[in-house]
Amino acid sequence: MNMQIILYPFTLIYRILSYLDSKFTDPRKLSKPVISVGNITWGGTGKTPIVIKIAKELIKNGLKPAVLTRGYKRKIKTKEPLVVSDGSKILVSPAEAGDEPYLIAESAKDAIVVVGADRSSAALKALESYPVDIFILDDGFQQWKISRGLDIVCINAKNPFGNGYLIPAGILREPLSSLKRSGVIVLTSSNLAGIEKTEVVENEIKKYSQAEILISKYMPTSIIRLSNANNFGLKDIERREVIAISAIGENEAFNATLEKAGFKVLKHYKFRDHHWFDETEVMEILKHSRKNDIFITTQKDAVRLRVVTDKLHKDLKDRFYYLNIEVQFTKGEEIWQKEIKKISQSL
């Protein structure tokens, strides 16, 4: 029997509960503006690079952003909200913070980063202790507890809506009609989806939302050694044959990105999203490699992998790198700048 049919009754229950949650939750209006970055599907839409981009641009405009994030799959959990970064230094370990919050704190060094399942409590903790100008609500499209001024929704152009079903029969967290709440929609991974597919997705979105649609791609800019953060140009590494290691929502997309960047992937070790690597796994990977092989992982995976590779002998740990990427807009850069400027000038 088709698994979608088996799971469909649970999908109906999920939809009812989600609807009740949205209707009977009274959102808190914070004393500072809130930008939400979210999605309409489960995982793999590239929210974190967009959060980092917003934080960096707000900082560039002289503002102090505070990022509120759940800290999904943290190894060490806390009941109360936890400050990952106070806007000048990182205060906790990756295991306590979670990979994405730690990456945000590393990438946008002047941003305050707070993790906690209750984002409303996290916001109040930030306001009590720090000079917050504006909040960035990570994974906030289905967060009903906080009122926000702008909802940015990320949609993966390569796999926008899955099979069209809600969780658990599909990957949709809400019906497509909910896109009408969005203020800006960012289509991600357009370079992997291709022009034709991206246009089809864009036209489908227009049936449900009048929001501005921006098209983006994630462009590799360099590779960075895990052990010492040394930065190398994409062509500075003589060995073009690499071994990939990833534990993200779309492992195949990472493989494709490496190939497009000019690397030949000899082998790809794939793990579940947010997987915490252990020494046994890393030693097994090294055991089945050649002496001069180099390993490349993603920015998010580097947070978790580095915890293990830092314990290795220098000759071994110096063979591990991560691919540095940045978000580039192929359509809508002026709209993006206009929205950021509008928010910055409103404070």
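It should be noted that the structure appears before, not after, this text.
Rules and cut-offs
- Residues numbered from 1 in each chain as written.
- Predicted model: local features only at pLDDT ≥ 70, side-chain atom pairs only at ≥ 80, totals over all residues.
- Heavy atoms only, no water.
- Pairing = 2+ DSSP bridges.
- Helix = DSSP H or I, 4+ residues; strand = E, 2+ residues; numbered from the N terminus.
- Right-handed = clockwise from strand over helix to strand, strands pointing away.
- Core = buried A, V, L, I, M, F, W, Y, C linked by side-chain atoms within 4.5 Å.
- Buried < 20%, exposed > 50% of the residue type's maximum accessible area, 1.4 Å probe, protein only.
- Contact = heavy atoms within 4.5 Å.
- Salt bridge = Lys/Arg side-chain N within 4 Å of Asp/Glu carboxyl O.
- 1 Å grid on protein atoms, 1.4 Å probe; cavity = no way out; pocket = protein on both sides within 12 Å on 5 of 7 lines; lining within 4 Å.
- Points joined across faces, edges and corners; volume = space filled by probe spheres on them.
- Patch = residues over 30% accessible without salt bridge, like charges linked within 9 Å, V, L, I, M, F, W, Y side chains within 5 Å.
- Areas by Shrake-Rupley, 256 points an atom, 1.4 Å probe, with all protein chains shown as cover.
- Lys, Arg positive; Asp, Glu negative; His and termini not counted.
- Charge placed at Lys NZ, Arg CZ, Asp CG, Glu CD.
- Nonpolar A, V, L, I, M, F, W, Y, C, P; charged D, E, K, R; others polar.

A short note on the pairing of strand E11 (residues 264-270)
No. 1: Across 6 bridges, the pairing between strand E10 (residues 241-246) and E11 is parallel. Paired with Glu 241 across the bridge in E11 is Lys 264.
No. 2: With helix H8 (residues 251-260) bridging E10 and its parallel neighbour E11, the resulting β-α-β unit is right-handed.

Comments concerning the nonpolar core
No. 1: In terms of nonpolar packing, the biggest core is built from 38 residues, with Ile 50, Ile 54 and Trp 336 touching the most fellow members.
No. 2: Here this core gets 6 residues from one element, more than from any other, and that element is helix H2 (residues 47-60).
No. 3: In contact with Ile 54, other than residues within four places in its own chain, are Ile 35, Val 37, Ile 136, Ile 152, Trp 336 and Ile 340.

Considering the pattern of salt bridges
No. 1: Using the criterion set out here, one finds 19 salt bridges in the structure.
No. 2: A salt bridge links Lys 53 to Glu 57; the shortest N-O distance between them is 3.5 Å. A residue pair is termed a helical-turn pair when its members lie 3 or 4 positions apart in one helix, as Lys 53 and Glu 57 do in helix H2 at 4 residues.
No. 3: Using a relative accessible area of 17% as the deciding quantity, one classes Lys 53 as buried.

Regarding the layout of surface pockets
No. 1: A volume near 540 Å³ is recorded for the second largest pocket.
No. 2: Looking at the second largest pocket, it is lined by 23 residues, and the ones nearest its centre are Ser 18, Tyr 19, Ser 22, Trp 144 and Glu 174.

Remarks on a positive patch on the surface
No. 1: Together, Arg 70, Lys 73, Lys 77 and Arg 272 give the surface a local cluster of positive charge.
No. 2: In this fold, Arg 70 is placed in the loop between strand E2 (65-69) and strand E3 (82-86).
No. 3: With relative accessibility at 42%, the residue Arg 70 sits in the partly exposed group.

Points about empty space enclosed by the protein
No. 1: The final tally for this structure, using the stated rule, is 1 cavity of 30 Å³ or more.
No. 2: Estimates place the volume of the largest cavity at around 30 Å³.
No. 3: Around the largest cavity, the lining residues are Leu 150, Ile 152, Val 184, Trp 336, Glu 339 and Ile 340.
No. 4: Among the secondary structure elements, those contributing two or more residues to the lining of the largest cavity are strand E6 (150-156) and helix H12 (333-345).
No. 5: When residues of the lining of the largest cavity are assigned to their parent elements, the largest contribution, 3 residues, is made by H12.
No. 6: Each residue belonging to the lining of the largest cavity can be placed in one class, and the counts come to 5 nonpolar, no polar and 1 charged.

Quick notes on H8
No. 1: Along H8, the positions that sit buried rather than exposed are Asn 251, Ala 253, Phe 254, Asn 255, Thr 257 and Leu 258.
No. 2: Of the residues trailing H8, Gly 262 is marked for its positive phi of about 100 degrees.

Quick word on the pairing of strand E8 (residues 212-225)
No. 1: Across the 14 residues that make up E8, a large majority, 10, are buried.
No. 2: In the sheet, strand E7 (residues 184-188) pairs with E8 via 4 bridges, with the strands oriented parallel. Opposite Leu 187, over in E8, you have Ile 215 as the bridge partner.
No. 3: In the sheet, E8 pairs with strand E13 (residues 320-331) via 10 bridges, with the strands oriented antiparallel.

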